[in-house]
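Spelled out from the first residue to the last, the chains are:
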Amino acid sequence: KDYVKLANSYFYKGVINENTNNSKLVTLCYKNAEFYASKTNDTPLKFKIDFYIARVNKGMNEYEEALSYAKKGYHLAQECHRYDYFVYACELFTSIYIDLGEIDSAYYYIEKALPIIEHIYRKDQANTYTNMAILLKYSNKEKAKEYLYKALSIDTLPYTLNNLAQIYISEGKEAEAF
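As a starting point, this report considers the structure included with it. If you're wondering where the values come from, they're calculated on a predicted model, not measured in any experiment. (Residues numbered from 1 in each chain as written. Predicted model: local features only at pLDDT ≥ 70, side-chain atom pairs only at ≥ 80, totals over all residues. Heavy atoms only, no water.)

## Details of the overall build of the protein chain
Then, in step 1: Check the secondary structure of the protein chain and you find ten helices and zero strands.
Then, in step 2: When the helices and strands of the protein chain are listed from N to C terminus, the series reads α-α-α-α-α-α-α-α-α-α.
Then, in step 3: A compact globule built from 178 residues would reach a C-alpha radius of gyration of about 16 Å, and the protein chain, at 18 Å, matches this within 12%.
Then, in step 4: Reported as C-alpha extents along the three principal axes, the dimensions of the protein chain are approximately 60 × 35 × 30 Å.
Then, in step 5: Among the 178 residues that make up the protein chain, the fraction classed as buried is 45%.
Then, in step 6: Considering only residue pairs separated by 6 or more positions, the protein chain has 53% of its internal contacts joining residues 24 or more positions apart.
Then, in step 7: Surface accessibility of the protein chain: about 9,600 Å² in total, with carbon and sulfur atoms responsible for 51%. (Helix = DSSP H or I, 4+ residues; strand = E, 2+ residues; numbered from the N terminus. Rg over C-alpha atoms; globule rule 2.2 N^0.38 Å. Buried < 20%, exposed > 50% of the residue type's maximum accessible area, 1.4 Å probe, protein only. Contact = heavy atoms within 4.5 Å. Areas by Shrake-Rupley, 256 points an atom, 1.4 Å probe, with all protein chains shown as cover.)

## What to know about unusual backbone geometry
Generally, phi is negative for residues other than glycine and the peptide bonds are trans, each holding for most cases.
Then, in step 1: The backbone of N21 shows a phi angle near 60°, a positive value even though the residue is not glycine.
Then, in step 2: Non-glycine residue H81 carries a positive phi angle of around 55°.
Then, in step 3: Tracing the sequence through the fold places H81 in the loop between helix 4 (63-79) and helix 5 (83-99).

## Brief notes about helix 9 (residues 158-170)
Then, in step 1: An ideal rise of 1.5 Å per residue puts 18 Å on 13 residues; helix 9 measures up with 18 Å between its terminal C-alpha atoms.
Then, in step 2: In this structure, the buried residues of helix 9 make contact with helix 7 (122-136), helix 8 (141-154) and helix 10 (174-177).
Then, in step 3: Looking one or two residues past helix 9, G172 carries a phi angle of roughly 80°, positive in sign. (Expected span 1.5 Å × (residues − 1).)

Here you go:
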């Protein structure tokens, strides 16, 4: 049997079904993908699967399970020496810890990702800075604005501009928002 193909098939079936709000089917697909991937040496595939399982669990407020898979993904990202995977794993940890109200832990993972952001694709850099800003915009507006301006220096993304405008409006600076 070709376990890589089977794992990929279940993985992409899960990805495709994420928009159906059928979390049982999505979870089943990812768990099947995880099973078949475990029979391979394909570390990037295992990372993707663990990353998506962590995301789904976070979306269902299953934070203990989300953290468990995020940790597995984090270690796999280090194993396969992919800067982009490592940054995505750090973003995921940041998101989970912000949901849990553990801001210090969230900052820890942001700080881990920052030194290597320059090694990922430029478009991903802008997205990553924007995502970090979104995660921080309620807890640290100044840091969020710093990240949004970094993102804008790389690429002018509509959602970056939107989030910057939201921060300025929340500060009562409507003129700066436009």
